Amino acid sequence: MTKSAQLFQQARRTIPGGVNSPVRAFAGVGGDPVFMERADGAYIFDADGKAYIDFVGSWGPMILGHNHSAIREAVVDAAQRGLSFGAPTESETTLSELVAELVPSMEMVRMVNSGTEATMSAIRLARGFTKRDKFIKFEGNYHGHGDCLLVKAGSGALTLGEPNSPGVPADFAKHTLTCTYNDLDSVRQTFETYPDEVACIIVEPVSGNMNCVPPQPGFLQGLRELCDEFGALLIFDEVMTGFRVALGGAQAYYDVKPDLTTLGKIVGGGMPVGAFGGRREVMEYLAPTGPVYQAGTLAGNPVAMAAGHACLSELRQPGNHDYLTHVTHQLAEGFKSLADKHGIALTTNQAGAMFGFFFTEQETVTCFKDVQQCDTERFKRFFHLMLEQGVYLAPSAFEACFTCLAHGQKEIDATLAAADHAFATLAAD
Ligand code: PMP
């Protein structure tokens, strides 16, 4: 028995399913999860000492590569001065100023501890500010596990909220309206059905939770215009895309300005941090300046602030995003041409430093319905073939892959060699 298997068995005795976040259990790909012990640069090492080229990067934060010295040193330095004070510190302002500089639509910023907290709080703020209850989200977009966001996305242009987890009362979800990603007509119809009731739209400006699905030209701009027409706020959930699709996030890449933005992952450099921010007038509606309540004992934690600041300071160096985009392009194109070589139908999507690949005959994948038509069994097989060869991809056909600055030519070549073998095996199956 491997050490990973032993650890999983032991974990299941005290941790539900053996994991603290469900996708880690490999439910989407079958088999036992690999327990990790350490990571460095582009590599992650399991409990049995096997090395993998990592394209999960802790689900996004590790954009500099694992165990980066600048972040490690900043964390150690901050920890030597105390772990948490529950009182204001300069480090919160320093990181907020840097975020506001890199993402100019975020005139004011509030720090929280996770992406879930950021989206929950941003929606509460939008509802409080507009004095409206309903909001629009998109089928296949994920915004954390807040009650009103965990709503099953139904088919059709408009689906009244129906919770997709027991424990979420239908009453909590009834104000959540679900539209189709990349379909502006579905959004217009929803606004026209509830013209004065929609507080905001929340959208992943590049969707990374139904694999990787970028916006079609004009989609984000169209959302901006509809929000303006109907007096709703536009929230870009950039928990995944922030600082990754471009230094200024997807809003810089696609040149569309939201009213509010939510961040997570990279903003904390690997420590538990989320943030939300936006127009001053809206943000000042938050307690203690305004009436909308939001708080956190560990929010703005000094060790986490130091990690986030170190991460963003390194990442902003010129050339980094060009490099990330180039490496990501090489991988996406490489997967596509190798699949073609072996007669495997594959479609790829890319935006900056995130990409996705789909086992499908469809030439484009632009919404959840398209994603659902992909061959998930083939993905499972491919995932395990890559894992065996030391390439760690996201263990689900519904997750995007992430590149980092530590992915060099050696790692790209090794990944493509492994993919060549995996596609050949699929073709022979
Ligand atoms: N929004 C998006 C777009 C996400 O991808 C995620 C997590 N993957 C979240 C929100 C929730 O963040 P967290 O897991 O930190 O609560």
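These figures come from a predicted structure and were not determined experimentally.

Visitor: For this particular structure, what's the right way to read the environment of G278?
Guide: Along the chain, G278 falls in strand β11 (residues 274–278). Given 27 C-beta atoms within a 10 Å radius, G278 is considered buried. Note: C-alpha distance between G278 and P104 (174 residues apart in sequence) is 8.5 Å.

Visitor: Would you explain the domain arrangement of the chain in this entry?
Guide: By a widespread convention, an interface's size corresponds to the accessible area lost as its parts come together. Here the chain is described as being made up of domain 1 (3–67 + 318–428) and domain 2 (69–315). Computed over C-alpha atoms, the centres of domain 1 and domain 2 are 25 Å apart. Contacts between the two partners involve 27 residues from domain 1 and, on the opposite side, 33 residues from domain 2. Counting residues per element, the ones that place at least two in the side of domain 1 that touches domain 2 are α11 (320–341), β12 (347–351), β13 (354–358) and α12 (368–372). Broken down by element, the residue count for the side of domain 1 that touches domain 2 peaks at 4 residues, all from β13. Here the residues of the side of domain 1 that touches domain 2 sort into 17 nonpolar, 9 polar and 1 charged.

Visitor: Explain the UniProt feature "modified residue: N6-(pyridoxal phosphate)lysine" (unreviewed entry) in the chain to me, please; I cannot follow it from the model alone.
Guide: Within this numbering scheme, the UniProt entry marks K265 as carrying the feature "modified residue: N6-(pyridoxal phosphate)lysine" (unreviewed entry). Among the secondary structure elements, K265 is positioned in the loop between β10 (260–263) and β11. Looking at K265, the number of C-beta atoms within 10 Å reads 27, which means it is buried. Apart from the residues lying within four places of it in its own chain, the contact partners of K265 are W59, G60, P61, G115, V239 and M240.

Visitor: Just checking my understanding: could you explain the site of the ligand for this structure?
Guide: Near the ligand, the surroundings consist of 16 residues, among which S114, G115, T116, G144 and V239 are the closest. At 3 residues, the largest contribution of residues to the shell around the ligand is made by helix α4 (residues 115–130). The residue inventory of the shell around the ligand, partitioned by class, reads 4 nonpolar, 10 polar and 2 charged.

Visitor: Quick question: what am I supposed to make of the packing of helix α3 (residues 90–102) against helix α10 (residues 302–315) here?
Guide: Any two packed helices are characterised by the angle at which their axes cross and by the distance between the axes. Put simply, α3 and α10 touch, their axes get as near as 9 Å, and they point 35° apart. Remark: the crossing between α3 and α10 carries left-handed chirality. Residues S91, E92, T94, L95, L98 and L102 of α3 touch α10, and the partners they reach there are P302, M305, A306, G308, H309 and L312.

Visitor: Mind showing me how you'd approach the sheet that holds strand β14 (residues 391–392) here?
Guide: Judged by pairing direction, the sheet is mixed, and its 4 strands sit side by side in the order β1-β2-β3-β14 without closing on themselves. In this open sheet, the two edge strands, each paired with only one partner strand, are β1 (36–40) and β14. By the bridge criterion, 3 bridges tie strand β2 (residues 43–46) to strand β3 (residues 51–54) in an arrangement that is antiparallel. Looking at β3, one finds that Y43 is bridged to I53.

Visitor: So what exactly am I meant to see when it comes to helix α7 (residues 219–230) here?
Guide: An α-helical turn contains 3.6 residues, so any two residues separated by three or four positions project in the same direction. Here α7 is 12 residues long and its end C-alpha atoms lie 16 Å apart, about the 16 Å a rise of 1.5 Å per residue gives. Of all the residues in α7, the buried ones are F219, L220, L223, L226 and C227. All buried residues of α7 lie within an arc of 120° about the axis, which places them on one face of the element. Among the exposed residues of α7, those pointing more than 90 degrees away from its buried face are D228 and E229. Residues of α7 that are buried in the fold lie against α6 (184–193), β8 (198–203), β9 (233–237) and α8 (250–254). Phi turns positive, to about 70°, at G231, one or two residues after α7.

Cut-off values and rules
- Residues numbered from 1 in each chain as written.
- Predicted model: local features only at pLDDT ≥ 70, side-chain atom pairs only at ≥ 80, totals over all residues.
- Helix = DSSP H or I, 4+ residues; strand = E, 2+ residues; numbered from the N terminus.
- Buried ≥ 20, exposed ≤ 12 C-beta atoms within 10 Å, placed from the backbone.
- Domains from an automatic or database assignment.
- Contact = placed C-beta atoms within 7 Å.
- Nonpolar A, V, L, I, M, F, W, Y, C, P; charged D, E, K, R; others polar.
- UniProt positions renumbered as here; feature names shortened; annotations may be inferred.
- Near = placed C-beta within 6 Å.
- Axes fitted to C-alpha atoms, helices over the stretch in contact; angles between N-to-C directions.
- Left-handed = near helix turned anticlockwise from the far one by under 90°.
- Pairing = 2+ DSSP bridges.
- Expected span 1.5 Å × (residues − 1).
- Arc of directions from axis to C-beta.

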